[in-house]
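# Fold and contact review
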Amino acid sequence: MPDNNNCINCPAYNSGNLVKLGINMTDFDYVVALAGNPNTGKSTVFNNLTGLRQHTGNWPGKTVARAEGAFAYNEKKFKIVDLPGTYSLLSTSTDEEIARDFILFGQPDVTVVVIDATRIERNLNMVLQVLEITDKAVLCLNLVDEAKRHNITIDDRALSRELGIPVVPSAARQRVGMPELLNFIFQVAAGEYICKPRRISSDSKSFNTAVDKLVSEIEKEFPGLPNARWVALRLLEGDQKIIDSIKNGELVNLVKNNYYTS
Amino acid sequence: MGSWLIWLKIIIILHDLIMAETLNPKEKLLNTANELRWEVGENFHDTLLESIYKNAADITALTVNHDNKGRKYNFDSVVDKVVTSRLLGFPIMFLLLALVFWLTIAGANYPSRFLSFILIDNIHPFLKDLLFFLNSPWWLTGLILDGAYLASAWVVSVMLPPMAIFFPVFTLLEDYGYLPRVAFNMDSLFRKAGAHGKQALTMTMGFGCNAAGVVAARIIDSPRERLIAIITNNFSLCNGRWPTQILIATIFIGGAVSPHLAGFVTAAAVVFVAVLGILFSLIVSWTLSKTALKGEASAFSLELPPYRPPRILQTLYTSLIDRTLIVLWRAVVFALPSGIVIWLVANLTVGGYSIAAYMINWLDPLAFIIGLNGVILLAYIIAIPANEIVIPTILMLTVLVTGNDSAGAGAGVLFEIDSASQTGNLLISSGWTLLTGMNLMLFSLLHNPCSTTIYTIYKETKSLLWTFVSSVLPILIGFVICFLVTLIYRAL
């Protein structure tokens, strides 16, 4: 049946394969993290995918702990973790630490960063920080309906090119874009889509030399570390938690696991 | 100061360099990082942030096009100018709050009566007959039906309707985007009190449930300010206390004015107590930040999200499931054992008097000084697990002490009286006055948190000291305030 092949490539067909599993999280194949600023609709995306009804509210502090759920898609089971909404991953408040630690130590197979299409510039700060920590990410460009209402047009292909990860325009409240999002989550998790994430570049020479030097040291010491640059940035800032995780071997073990499994 | 620090650092670096040969690779790496950090200088963090912003700006310039032409005004910013204006911000806040209460008070009456008719007037006698038919001993019937069942039934019939109205209405306001504006309005007040502006948000959460408010304090970065937010959260009238406020205000405040004004005055009285709670929250925050928890308020950014039309059906669903039923379930779980305790202290006798009678007599002198009575204080001791059961406990104990069972139930039996006026008659005939009513409303605001909240505070702070302070401070304030009000009232 040659016709079916065309259908399988179409996201709309695949969304039929979505099975919302609620809180049944046994034997999952992949872990998905949901990150992003507050008020961007992370919880709505979470509810759409899992069929759960976590209360969503558009003010910061709604999700202070992480919420977990599950779904199955293309015969693979995904565990999805809704992280607290944060503006950055650089400070030390509890909610930011929960988000950062999960992306770093929880080693999600895909991190979906949900951003508000009407406030792209500010949201990108967070995206760039996530991309320093993990290679495997999908950008969910949410609230495109509101952006349109405010006469904002976004070239999502150019955005994808600039960031080096898939970009899915969506309106989660109306469930627009969810099939495409699922498809990209699957592709990135399964390694069918290889991300080439953009790294933060600086104009400061001393900054760049210091970072480059430390990165090469780190890579020499821990070959296979997926986020050497980010570790270097944290070390240069004197982040005690990262220093400790190098001392007590948490980070090294992480690298080893990663190294031998992949 | 600065120069010897630099020397110290240089010595440390030299020391580390010498040691580096003998160090393991991990420590070597950390030493390299230390040296480099020294080379880059102190403004590394700023350089990093600048780079992030610049990258974000570059990408935005390439991919986003904002067409501002043809737009005369922005709806959101017009609304924001009104609801966060210096002049109108607070009045609008209080009006909305009063409106929500008025809807709750006015709307909850009928379903409440209906539930109480089903659960207490019909099912309770039926179960009693059934147990009698099964030859159950009197004490077992008493424990299960008059203790556990009635306590739970009361909680359901009195709490379910107001919660089923209050939570969805509140959630709709929340979903529309009003709460961040409240935080925006309150921010300067909290900052002046030396607390974090986000405390306005945790305080608002506390209006639903203090335990939830305490957990929400995690959004505050600084440990000092987070602690202040946790300690003062109890000054937000929680959901378990709204019914007490509403009932007592209806009887003693609303009852004191002409009927056509009663609803309005009652709602105003409840808003007054809620605002008083906010005031205490600010005063205590200020005192703490000037004494035990000294420090400056830290800056933070608060986004005023765009107004979004709430999805009404989904909001109704989630607020009913997530909030109403969960809070109700918790109340029932706590009411069950408390009902048994109430029945026991009222029915176990020593030397001819019940344990409750002894305790009430013992508490009466203290209670008199602060314008309450022994029954109320004992009720607050028994009802530590849940504020929700304070009123039924008070009614039951009142009947026990006065022997006034004209309302239809026997000693030690938790019961509900159909209308507020009948409850009022019972209380007034037991010696309650306007002063008792007012002080009960104040004491309901200013007393120790319920046991769930106390446990949550311990879990969040991991400190017995701060848990103790959070529990004892409000009740001390309560005693002082009630004492002062009593002095003034009796002097008039």
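Residues numbered from 1 in each chain as written. Chains lettered and ligands numbered in written order. Predicted model: local features only at pLDDT ≥ 70, side-chain atom pairs only at ≥ 80, totals over all residues.

## Description of the overall build of chain B
A tally of helices and strands in chain B yields 20 helices and three strands. Counting across all 492 residues of chain B, residues that qualify as buried make up 45%. In chain B, the share of contacts with a sequence separation of at least 24, taken over all contacts with a separation of at least 6, comes to 74%. (Helix = DSSP H or I, 4+ residues; strand = E, 2+ residues; numbered from the N terminus. Buried ≥ 20, exposed ≤ 12 C-beta atoms within 10 Å, placed from the backbone. Contact = placed C-beta atoms within 7 Å.)

## Some remarks on the overall build of chain A
Along chain A, the regular secondary structure elements total 12 helices and eight strands. Relative to all contacts within chain A whose residues are 6 or more apart in sequence, the contacts with residues 24 or more apart total 69%.

## Brief notes about the pairing of strand S4 (residues 76-82) of chain A
Residue and element names in this part refer to chain A. Of all seven residues that make up S4, five are buried, and the element is covered over most of its length. Both strand S2 (residues 30-36) and S4 contribute to a ladder of five bridges, which runs parallel. Along S4, the bridge assignment pairs Leu34 with Asp82. Two strands pair when backbone bridges link them, and strand S3 (residues 67-73) and S4 are joined in this way by seven bridges, in the antiparallel orientation. Looking at the pairing, Ala70 lines up with Lys79 of S4. Hairpin remark: S3 followed by S4, antiparallel, with two residues in the connecting loop; positive phi at Asn74, about 50°. (Pairing = 2+ DSSP bridges.)

## Considerations on the interface of chain A and chain B
Contact residues are listed per partner, giving 52 residues for chain A and 49 residues for chain B. Counting residues per element, the side of chain A that touches chain B draws most heavily on helix H9 (residues 205-221) of chain A, at eight residues. Tallied by class, residues from the side of chain A that touches chain B come to 22 nonpolar, 19 polar and 11 charged. Relative to strand S1 (residues 64-66) of chain B, strand S7 (residues 152-154) of chain A runs antiparallel, the two being bridged by three bridges. Directly across from Thr153 of chain A, in S1 of chain B, lies its bridge partner Asn65 of chain B. (Nonpolar A, V, L, I, M, F, W, Y, C, P; charged D, E, K, R; others polar.)

## Thoughts on the confidence of the model for chain A
In the predicted model, chain A carries a mean pLDDT of 80, and 81% of its residues have values of at least 70. Residue range residues 256-262 of chain A is modelled with pLDDT below 50. Its contacts to residues more than four positions away, or to other chains, number four contacts. (pLDDT = per-residue confidence, 0-100.)

## Some details on the packing of H9 of chain A against helix H10 (residues 228-237) of chain A
Residue and element names in this part refer to chain A. Interhelical geometry of H9 versus H10 gives an angle of 120° and a closest axis separation of 9 Å. Considering the angle they form, H9 stands oblique to H10. In this structure, H9 meets H10 at a crossing whose hand is right-handed. Listed contacts from H10 to Ala210, Val211, Leu214, Val215, Ile218 and Glu219 of H9 are Ala228, Arg229, Val231, Ala232, Leu233, Leu235 and Leu236. The residue makeup of the contact of H9 with H10, split by class, is 11 nonpolar, no polar and two charged. (Axes fitted to C-alpha atoms, helices over the stretch in contact; angles between N-to-C directions. Parallel < 35°, antiparallel > 145°, perpendicular 65-115°, else oblique. Left-handed = near helix turned anticlockwise from the far one by under 90°.)

## With respect to the nonpolar core
Formed by 110 residues in total, the largest nonpolar core has its most connected members in Val270, Ile376 and Ala379 of chain B. Looking at this core, the element that brings in the most residues is helix H6 (residues 138-176) of chain B, giving 15 residues. Both of domain 2 (89-290) and domain 3 (331-491) of chain B provide at least three residues apiece to this core. Leave out the neighbours within four places in its chain, and Ile376 of chain B touches Ala367, Ile394 and Leu440 of chain B. Membership of the second largest hydrophobic core comes to 84 residues, among which are Leu163, Ala172, Ile200 and Ile218 of chain A. (Core = buried A, V, L, I, M, F, W, Y, C linked by C-beta atoms within 7 Å. Domains from an automatic or database assignment.)

## Concerning helix H20 (residues 464-491) of chain B
With 28 residues, H20 of chain B should cover 40 Å at 1.5 Å per step; its first-to-last C-alpha distance of 41 Å lies within 8% of that length. Packing partners of the buried residues in H20 of chain B comprise helix H10 (223-232), helix H18 (434-445) and helix H19 (451-461) of chain B. (Expected span 1.5 Å × (residues − 1).)

## With respect to the pairing of S2 of chain A
Residue and element names in this part refer to chain A. Within S2, five of the seven residues are buried, leaving the element largely enclosed by the surrounding structure. As paired strands, S2 and strand S5 (residues 110-116) are joined by five bridges and run parallel to one another. Among the inter-strand pairings, Val32 is bridged to a residue of S5, identified as Val110.

## Digging into the confidence of the model for chain B
Reading predicted coordinates in detail is not appropriate for stretches of low pLDDT. Mean pLDDT over chain B stands at 80; residues scoring 70 or higher make up 88%. Listed scores for the predicted complex are pTM 0.65 and ipTM 0.83.

## A word on the environment of Ala216 of chain B
Residues and elements named next belong to chain B. Within the element layout of this structure, Ala216 appears in helix H9 (residues 210-216). Taking the number of C-beta atoms within 10 Å as the measure of exposure, Ala216 has 27 and is therefore buried. Along the backbone, Ala216 and Lys198 are 18 residues apart, and their C-alpha atoms lie at a distance of 9.8 Å.

## Considerations on the packing of helix H11 (residues 242-253) of chain B against H18 of chain B
Residue and element names in this part refer to chain B. Here H11 crosses H18 at 165°, and the two axes come no closer than 10 Å. Here H11 lies roughly antiparallel to H18, going by the angle between them. Along this stretch, H11 crosses H18, giving a crossing that reads as left-handed. Where H11 approaches H18, its residues Thr244, Gln245, Ile248, Ala249, Ile251 and Phe252 are matched on the opposing element by Leu434, Gly437, Met438, Leu440, Met441 and Ser444. Split by residue class, the contact of H11 with H18 holds eight nonpolar, four polar and no charged.

## What to know about the environment of Val284 of chain B
Residues and elements named next belong to chain B. Mapped onto the secondary structure, Val284 falls in helix H12 (residues 259-290). Spatially, the C-alpha atoms of Val284 and Ile228 are 8.5 Å apart, while their sequence positions differ by 56 residues. If sequence neighbours within four positions are ignored, Val284 has contacts with Thr232 and Phe235.

## Comments concerning the environment of Ala232 of chain A
Here Ala232 of chain A shows up in helix H10. For the pair Ala232 of chain A and Ile242 of chain A, spaced 10 residues apart in sequence, the C-alpha to C-alpha distance is 9.7 Å.

## Quick notes on helix H14 (residues 355-369) of chain B
At Leu363 of chain B, H14 of chain B shows its strongest bend, of approximately 40°, with the proline Pro365 of chain B following within four residues. Residues of H14 of chain B that are buried include every one of Ala356, Ala357, Ile360 and Ala367 of chain B, and no others. (Bend = angle between axes of the 7 residues up to and from the residue.)

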